[in-house]
Amino acid sequence: TNAQEFSFGLNPSSAGGKIVEVSSSNHAQIVFLRRDSGASYVVQSATDLGSGFNGTMTATAASDQSGVPEGYTRYEATFPSGSRGFLRVEATLSP
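Here the residue numbers are simple positions, counted from 1 along each chain's written sequence. For a predicted model such as this one, the threshold for reporting local features is a pLDDT of at least 70, and the threshold for listing and counting side-chain atom pairs is 80 or more; totals across whole chains, interfaces and linings nevertheless cover every residue. Neither water nor hydrogens contribute to the side-chain values; these are computed over all heavy atoms in the structure.

### Focus: the confidence of the model for the chain
Short version of the rule: Each residue gets a pLDDT score, which is the predictor's confidence in that residue and runs from 0 to 100. In DSSP terms, a helix is any run of H or I states spanning at least four residues, a strand is any run of E spanning at least two, and both are numbered starting from the N terminus.
Mean pLDDT over the chain stands at 86; residues scoring 70 or higher make up 95%. Per-element confidence in the chain ranges from a low mean pLDDT of 74 for strand S1 (residues 20–23) to a high of 96 for strand S5 (residues 60–61).

### Observations concerning the packing of aromatic side chains
Heads up, the condition is: Pairing of aromatic rings covers Phe, Tyr and Trp, the last through its six-membered ring, and needs centres within 6.5 Å; plane angles under 30 degrees mean stacked, over 60 mean edge-to-face, and all others mean tilted. Any residue under 20% of the maximum accessible area for its type is buried, any over 50% is exposed, and the rest in between are partly exposed; the area is computed with a 1.4 Å probe on protein chains only. Two limits define a charge over a ring: the Lys NZ or Arg CZ must be within 6 Å of the ring centre, and within 35 degrees of the ring normal.
With the rule as written, the count across this model stands at 4 aromatic pairs. An angle of 75° between the planes, with centres 5.6 Å apart, marks the rings of Phe-8 and Tyr-41 as edge-to-face. Of the two residues, Phe-8 sits in the loop between helix H1 (2–7) and S1 while Tyr-41 sits in strand S3 (residues 39–46), which places them 33 residues apart along the sequence. Like Tyr-41, Phe-8 is buried. Each ring, one from Phe-32 and one from Tyr-75, has its centre 6.3 Å from the other, and the planes form 25°; the classification is stacked. Placement of Phe-32 in strand S2 (residues 29–35) and of Tyr-75 in strand S6 (residues 72–78) is noted, with a sequence separation of 43 residues between them. In this structure, Phe-32 and Tyr-75 share a single accessibility class: buried. Connected via pairs of aromatic rings, a cluster forms that spans Phe-8, Phe-32, Tyr-41 and Tyr-75. The positively charged end of Arg-34 is found above the aromatic ring belonging to Tyr-75, 4.3 Å away from the centroid.

### Re the pattern of salt bridges
This is how the line gets drawn: For salt bridges, the criterion is a side-chain nitrogen of Lys or Arg within 4 Å of an Asp or Glu carboxyl oxygen.
According to the stated counting rule, one finds 2 salt bridges in the structure shown. Here Asp-64 makes a salt bridge to Arg-74, at a shortest N to O gap of 3.9 Å. Residue Asp-64 is found in the loop between S5 and S6, and its partner Arg-74 is found in strand S6; the two are separated by 10 residues along the sequence. Residue classification places Asp-64 among the partly exposed residues on the basis of a relative accessible area of 42%. Put simply, Arg-88 and Glu-90 hold a salt bridge, and the shortest N to O gap is 3.7 Å.

### A word on the environment of Gly-16
Applied cut-off: For this analysis, residues touch if any pair of their heavy atoms sits within 4.5 Å.
Here Gly-16 shows up in the loop between H1 and S1. You can call Gly-16 partly exposed: its relative accessible area is 48%. Between the alpha carbons of Gly-16 and Glu-5 there is a distance of 9.6 Å; along the sequence they are 11 residues apart. Here Gly-16 is in contact with Glu-5 and Leu-10, once residues within four sequence places are set aside.

See the structure below:
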């Protein structure tokens, strides 16, 4: 949706683009752009999709901020090394 594209730093008038980047090297990790103001974000976690996303994780600002549009910061959330699971991020625009 346009709200998702706006929340995650994509161009709402252009199709395509990735809301999150996923890494699966040795652990589950997502990387996403977060607005500096005007939206709130929650990273949810699950170890079993049958049980649903019943956990939360803290996302931290990534060390690499190259190419990030003005007004956004790149964040990442990572499962601990050796752990397996699923991650998703939800954004809610502020009124």
